[in-house]
Amino acid sequence: MAKRKLSQNQTRRIRSKQQAKNEKAIATPETDIESEDDTLGAEQEGRVVAHYGTQVDIEFGDQKTIRCFLRANLAPVITGDRIVWRQGKDKGVVESCQPRKSLLSRPDSYGKLKPVAANVDQIIITVAPQPEFFTNLIDRYLVVAEINNIKPLILINKADLINETNQSEFDNLQKSYSTLGYRVLTVSAKDSTSLDELKDLLKGNTSILVGQSGVGKSSILQTLIPDKEIEIGELSNAKSKGRHTTTHSQLFHFSDGGECIDSPGIREFGLWNLNAADVIAGFVELHDLTSTCKFRDCSHENEPKCALKEALENGTISEQRFTNYKRIIASLDDVQIQSSQ
Ligand code: GDP
Ligand code: ZN
């Protein structure tokens, strides 16, 4: 009897030893990296150029890249982040993340706000004669740019499709946004010489291209980065409905200087995480006037001595912009977003 009991205990011990061995064998690479601490190289600066969940690609030096693990205690890093990393045996390990100049987020399919790009300094708002453009959408992107302190640039693509019928529409677009102080360029992805001024404005910046599907964002990126395979519109749209879209952000270098962060999620990010104060702050010419409304909490609806209403009557602000402002404010009530931070 006693002998049998002993042997059961032994069996149990052997089993548990075996189990421990197996667990060690399938230890995560992160664990390996932690145990490699003594052999890790010196700290170096780098930038996240692609994100794969538990691992990232880091660019360092003269556009060299290395796959890195993330320290378990590190706050989430995002494509575009500037980080400090150390070389391991095969891969590296990201040690820390530097403060961000900007952070753009969008909600995932559960309505949870997810960061998609860090340190973006230029938002290129792309429109075209086809598909039909809406100034409301331009204004939405301008708000995002303004409140994140990111330079906006309005890009009219498909210049070859501007003709006698739609010429005045694009002249008006150019005029109204230039008057507000925004840079407006007219280009064609199919004519690389038309992109010269854009190429200059890309240098020294991390940009993102946004705008409706079909305006030619992928085509422009392809012309500016000829040796890079870029996903076409259809595919991007299909992917953006999946829940892992935010992991696909990638940072590219333009051939003539500057970088671009791109992903389906970025192309379609919007205004979800804003409140009314953010929106008015994003309409620069309206915001300048609000301090002269009679009531500090003026909703610019029906209050007396509303500076916006007066400016509208005098024609000093554009009716289109005021209407778009109202529409955006109204649309904020429709969306409820949980912040992940
Ligand atoms: P995205 O959805 O914004 O990325 O747009 P795509 O780059 O996929 O382009 C949508 C369609 O517009 C494609 O059929 C392109 O060939 C076409 N396209 C892009 N740029 C131009 C342009 O400058 N002129 C013309 N005529 N078509 C263009
Ligand atoms: Zn007012």
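You'll find the structure just up there.
Being a predicted model, the structure only gives us computed values, none of them experimental.

The rules behind each value
Within any chain, residue numbers begin from 1 and follow the written order of that chain's sequence. Chains and ligands are labelled by the order in which they are written, letters from A for the one and numbers from 1 for the other. Where totals are concerned, whole chains, interfaces and linings use all residues; where local detail is concerned, this predicted model gives features only for residues with pLDDT of at least 70, and gives and counts side-chain atom pairs only at 80 or more. Hydrogens and water are ignored here; the side-chain numbers use all heavy atoms of the structure. Sites may look incomplete, because water is not among the atoms used; the donor set itself consists of N, O and S atoms within 2.8 Å of the metal (3.2 Å for Na, K and Ca). With a 1.4 Å probe rolled over the protein chains alone, any residue whose accessible area is under 20% of its type maximum counts as buried; one over 50% counts as exposed, and the rest are partly exposed. Each pair of aromatic rings taken from Phe, Tyr and Trp, with Trp reduced to its six-membered ring, is defined by centres within 6.5 Å and is described as stacked if the planes are under 30 degrees apart, edge-to-face if over 60, and tilted in the remaining cases. Segments assigned H or I by DSSP are reported as helices when at least four residues long, segments assigned E as strands when at least two residues long, and all are numbered from the N terminus.

*Asks:* Is there a simple way to think about the coordination of the zinc ion (ligand 2) in this case?
*Replies:* For a metal with four donors in a tetrahedral arrangement, the ideal angle between donors is 109.5 degrees, while six donors in an octahedron ideally sit at 90 or 180 degrees. At this site the zinc ion (ligand 2) is bound by Cys 293 (SG), Cys 298 (SG), His 300 (ND1) and Cys 306 (SG), with donor distances of 2.1 to 2.4 Å. On the primary sequence, the residues serving as donors to the zinc ion (ligand 2) are separated as C-x4-C-x1-H-x5-C. Assessed through its relative accessible area of 7%, Cys 293 is described here as buried.

*Asks:* Hey, could you run me through the packing of aromatic side chains in this one?
*Replies:* Two measures describe an aromatic ring pair: the distance that separates the ring centres and the angle between the ring planes. Applying the stated rule across the entire model yields four aromatic pairs. Taken together, a centroid distance of 5.3 Å and an interplanar angle of 50° make the contact between Phe 133 and Phe 170 tilted. Linking Phe 133 in the loop between β8 (122-127) and α3 (135-147) with Phe 170 in helix α4 (residues 167-179), this pair joins segments that are 37 residues apart in sequence. By relative accessible area, Phe 133 is classed as buried at 11%. Note on Phe 170: relative accessible area 4%, which makes it buried. Here the aromatic residues Phe 283, Phe 322 and Tyr 325 are joined through ring pairs into a cluster of three or more.

Shape descriptors only; they carry no functional weight alone.
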